[in-house]
Amino acid sequence: MMPGEQGVEVALFSGRWLADAMAAAVNWLLNDWRAAASVTASTAPELVVGRRRTVRCLFDGELRRLSPPIRSVPGWSDLRYIRTLA
């Protein structure tokens, strides 16, 4: 996810098979991982994820579980530095 001119740009990777992960990796090395067939990309004014169970998310490679619903909208933050706590 990242903010875009039209809203939140979302890319969903469905890596059920090793071949999916390999294709995304090759696309990442050559150009853009979002071009892989196992990636679905779209743009929306906002994104709401989850209903009942916690949602597994990766933030810069760090796995976190968030309580639903998770609402994301594009915007700017006043944060300048982000520190990840283990």
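So, how was this worked out
- Residues numbered from 1 in each chain as written.
- Predicted model: local features only at pLDDT ≥ 70, side-chain atom pairs only at ≥ 80, totals over all residues.
- Heavy atoms only, no water.
- Helix = DSSP H or I, 4+ residues; strand = E, 2+ residues; numbered from the N terminus.
- Buried < 20%, exposed > 50% of the residue type's maximum accessible area, 1.4 Å probe, protein only.
- Patch = residues over 30% accessible without salt bridge, like charges linked within 9 Å, V, L, I, M, F, W, Y side chains within 5 Å.
- Areas by Shrake-Rupley, 256 points an atom, 1.4 Å probe, with all protein chains shown as cover.
- Salt bridge = Lys/Arg side-chain N within 4 Å of Asp/Glu carboxyl O.
- Pairing = 2+ DSSP bridges.
- Axes fitted to C-alpha atoms, helices over the stretch in contact; angles between N-to-C directions.

Moving on: the overall build of the chain. For the chain, the helix and strand inventory stands at 1 helix and 7 strands. Counting from the amino terminus, helix and strand elements in the chain follow one another as β-β-α-β-β-β-β-β. Taking the principal axes of its C-alpha atoms as reference, the chain extends roughly 35 × 30 × 30 Å. For the chain, buried positions account for 12% of its 86 residues.

What follows is about a nonpolar patch on the surface. Among the surface-exposed residues, Phe13, Val26, Trp28, Leu29, Leu30 and Trp33 lie close enough to one another that they form a single nonpolar patch of about 690 Å² accessible area. In terms of residue count, helix α1 (residues 18–30) provides more of the nonpolar patch than any other element does, 4 residues in total. With respect to the secondary-structure elements, phenylalanine 13 resides in strand β2 (residues 7–13).

Another point: the pattern of salt bridges. Pairs may arise between side chains of opposite charge once their charged atoms sit close together. In the structure shown here, the tally under the stated rule is 1 salt bridge. Across the pair arginine 71 and glutamate 46 runs a salt bridge whose closest N-O atoms are separated by 2.9 Å. In this pair, arginine 71 sits in strand β7 (residues 70–72) while glutamate 46 sits in the loop between β3 (39–44) and β4 (47–49), placing the two residues 25 residues apart along the sequence. Residue classification places arginine 71 among the exposed residues on the basis of a relative accessible area of 58%. You can call glutamate 46 partly exposed: its relative accessible area is 38%.

This paragraph deals with the pairing of strand β6 (residues 62–66). Bridge analysis of strand β5 (residues 55–59) against β6 gives 5 bridges, and the strand direction is antiparallel. Bridge assignment links valine 55 to a residue of β6, and that residue is leucine 66. Linking β5 back to β6 in an antiparallel pair, the connection comprises 2 residues, with aspartate 60 at a positive phi of about 50 degrees.

The subject of this paragraph is the sheet that holds β2. Strand order in the open sheet made by the 3 strands is β1-β2-β3, with antiparallel pairing throughout. Lying at the two open borders of the sheet, with one neighbouring strand each, are β1 (2–4) and β3. Adjacent strand axes in the sheet meet at a mean angle of 30 degrees when their direction is disregarded. Pairing geometry for β2 and β3, over 6 bridges, is antiparallel.

Moving on to unusual backbone geometry. In this structure, the amide linkage connecting proline 68 to the following residue, proline 69, adopts the cis form with an omega of -10 degrees. Along the chain, proline 69 falls in the loop between β6 and β7.

A separate point is the environment of tryptophan 17. Counting through the fold element by element, tryptophan 17 comes out in the loop between β2 and α1. Taking relative accessible area as the criterion, tryptophan 17 reaches 63% and is therefore assigned exposed. Taking C-alpha positions, tryptophan 17 is 9.6 Å from serine 38, a pair spaced 21 residues apart along the chain.

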